[in-house]
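Residue strings, one per chain:
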Amino acid sequence: MKKLTKILTLALTMTVSTAAQAQNIQLHYDFGRNIYPNEESDRQKVTMTIEHFKADKWGSWFYFVDIDFSRKFTEGAYTEISREFNLGKNSPFAAHIEYDGGLNRGGSFQQAALVGAAYNGHNADFSTTFSVQLLYKRFFKSYNHTNAYHSAQLTGVWGTTFANKKCTFSGFIDLWRGEKADGHGQLVMITEPQFWYKLTENLNIGTEIEISNNFIYNTYNDKTFFVNPTLGVKWDF
């Protein structure tokens, strides 16, 4: 699980001039290792995610941390932290800068820095939001057998609430140029739609489905496309 809801709250509030903030913690049981016992035998069983968003008069901050657990170990921690600067009062355009990286039991995730532009929108009552980002992405050499290289990323984020705000459908899709071990480029795709049902003011139950191509490192065979569902709970602070 890489990014979860990403910057849904960012898109919801970027056009609001007053300060706002939101935070949640999620716990997901991942069925990937059961669906792909050969290709994903080492996949985490549980992921805990902490998300935080804060808007201010210049724009907003957002970060999340994914912590992956297996039966015996904490497998790793991955984070993304981003800053957006509004480009004009009440403008849907924003400048976007971001850092991605983290550590795992075998070493580290390959780090990357991103910079570019975002277009954020919503409907009249903010029940539906979206964000589109076009970013330059720079990967850094983070461990053996990786190389620093230039890339680009296109990101889409969406969210909508319905059924008297009891239900939320949200998610993101990322497309970027990855690099194979032989140095040739490849298109990497990951999307993680989520559905949440609000049980109480703070407690939600739901699911996330990670759909990816050329994203999961697989040495078992040539399979590149994976669908990994979860069962999750979320607490909104």
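Up top is the structure.
These numbers come from a predicted model, not from an experiment.

K.L.:
What is the right way to read the overall build of the chain from this model?
P.N.:
A count of helices and strands for the chain gives two helices and 14 strands. At 18 Å, the chain has a C-alpha radius of gyration in line with the 18 Å of a compact globule built from 237 residues. Taken along its principal axes, the extent of the C-alpha atoms in the chain is 50 × 40 × 25 Å. A separation threshold of at least 6 residues defines the contact pool for the chain, and within that pool the share at least 24 residues apart is 51%. Accessible area of the chain: about 12100 Å², with a carbon and sulfur share of 63%. Measuring between centres, the 23 positive side-chain charges of the chain sit 3 Å from its 23 negative side-chain charges.

K.L.:
How should I be thinking about the pattern of salt bridges in this particular structure?
P.N.:
In a structure, side chains of opposite charge can pair up when their charged atoms sit close to one another. All chains considered together, the criterion is met by eight salt bridges. Put simply, Glu210 and Arg43 hold a salt bridge, and the shortest N to O gap is 3.2 Å. One end of the pair, Glu210, is in strand 13 (residues 203–213); the other, Arg43, is in the loop between helix 2 (32–35) and strand 2 (46–55), with 167 residues separating them in the sequence. Salt bridges linked by common partners bring Asp30, Glu40, Arg43 and Glu210 together as one network.

K.L.:
Explain the environment of Trp235 to me, please; I cannot follow it from the model alone.
P.N.:
Here Trp235 is to be found in strand 14 (residues 225–236). By relative accessible area, which is 37% here, Trp235 ends up partly exposed. Counting along the chain gives 56 residues from Trp235 to Glu179, while the straight-line C-alpha distance between them is 37 Å. Look past the residues within four positions of Trp235 in its chain and what remains in contact with it is Gln23, Asn24, Ile25, Asn202 and Leu203.

K.L.:
Got a minute to help me understand the nonpolar core in this structure?
P.N.:
Across soluble globular proteins, nonpolar side chains have a tendency to be buried as a group. The biggest cluster of nonpolar side chains holds eight residues, and these are Ala112, Phe139, Tyr149, Val157, Phe172, Trp176, Val188 and Ile190. Listing elements by their share of this core, those giving two or more residues are strand 9 (149–162), strand 10 (167–179) and strand 11 (185–191). Discounting residues that sit within four places of it in the chain, Ala112 has contacts with Glu98, Tyr99, Asp100, Lys137, Arg138, Phe139 and Phe140. Listed in part, the five residues of the second largest apolar core include Phe53, Phe62, Phe64 and Tyr78.

K.L.:
Would you mind showing me how to read unusual backbone geometry here?
P.N.:
The bulk of non-glycine residues show a negative phi, and the bulk of peptide bonds are trans. Unusually for a residue other than glycine, Asn164 sits at a positive phi of about 55 degrees. The residue Asn164 is located in the loop between strand 9 and strand 10 in this model. Unusually for a residue other than glycine, Asn214 sits at a positive phi of about 60 degrees. Structurally, Asn214 can be placed in the loop between strand 13 and strand 14.

K.L.:
Could you clarify how one ought to interpret the packing of aromatic side chains in this entry?
P.N.:
Aromatic rings considered in pairs are described by the distance between their centres and by the relative angle of their planes. Per the stated rule, a full pass over the model turns up eleven aromatic pairs. For the pair Phe62 and Phe64, a centre-to-centre distance of 6.5 Å together with 50 degrees between the ring planes defines the contact as tilted. Its relative accessible area of 0% is what places Phe64 among the buried residues. Its end group placed over the ring of Trp176, Lys137 keeps NZ or CZ at 4.0 Å from the ring centre. One residue, Lys223, lies across the ring of Phe226, its end atom 5.3 Å from the ring centre.

K.L.:
Help me understand the pairing of strand 12 (residues 194–198), please; the structure alone is not making it clear to me.
P.N.:
Summarising the sheet, strand 10 and strand 12 pair through four bridges and their orientation is antiparallel. Counterpart to Phe169 in the pairing with strand 12 is Phe195. Bridging between strand 12 and strand 13 involves five bridges; their strand directions are antiparallel. Bridging from a neighbouring strand, Tyr197 pairs with Ile205 of strand 13. Two successive antiparallel strands, strand 12 and strand 13, enclose a turn made up of four residues.

K.L.:
What am I meant to see in the pairing of strand 10 here?
P.N.:
Looking down a regular strand, the side chains alternate between one sheet face and the other. Bridge analysis of strand 9 against strand 10 gives ten bridges, and the strand direction is antiparallel. Each residue of the ladder has a partner; that of Leu154, found in strand 10, is Leu175. Turn length for the strand 9-strand 10 hairpin, with the two strands adjacent in sequence and antiparallel, is four residues, and the turn residue Ala163 shows positive phi of about 55 degrees. Two successive antiparallel strands, strand 10 and strand 11, enclose a turn made up of five residues, where Gly183 displays a positive phi of approximately 90 degrees.

Quick notes on the rules
Residues numbered from 1 in each chain as written. Predicted model: local features only at pLDDT ≥ 70, side-chain atom pairs only at ≥ 80, totals over all residues. Heavy atoms only, no water. Helix = DSSP H or I, 4+ residues; strand = E, 2+ residues; numbered from the N terminus. Rg over C-alpha atoms; globule rule 2.2 N^0.38 Å. Contact = heavy atoms within 4.5 Å. Areas by Shrake-Rupley, 256 points an atom, 1.4 Å probe, with all protein chains shown as cover. Lys, Arg positive; Asp, Glu negative; His and termini not counted. Charge placed at Lys NZ, Arg CZ, Asp CG, Glu CD. Salt bridge = Lys/Arg side-chain N within 4 Å of Asp/Glu carboxyl O. Buried < 20%, exposed > 50% of the residue type's maximum accessible area, 1.4 Å probe, protein only. Core = buried A, V, L, I, M, F, W, Y, C linked by side-chain atoms within 4.5 Å. Phe/Tyr/Trp six-rings, centres within 6.5 Å; stacked < 30°, edge-to-face > 60°. Lys NZ or Arg CZ within 6 Å of the ring centre and 35° of its normal. Pairing = 2+ DSSP bridges.

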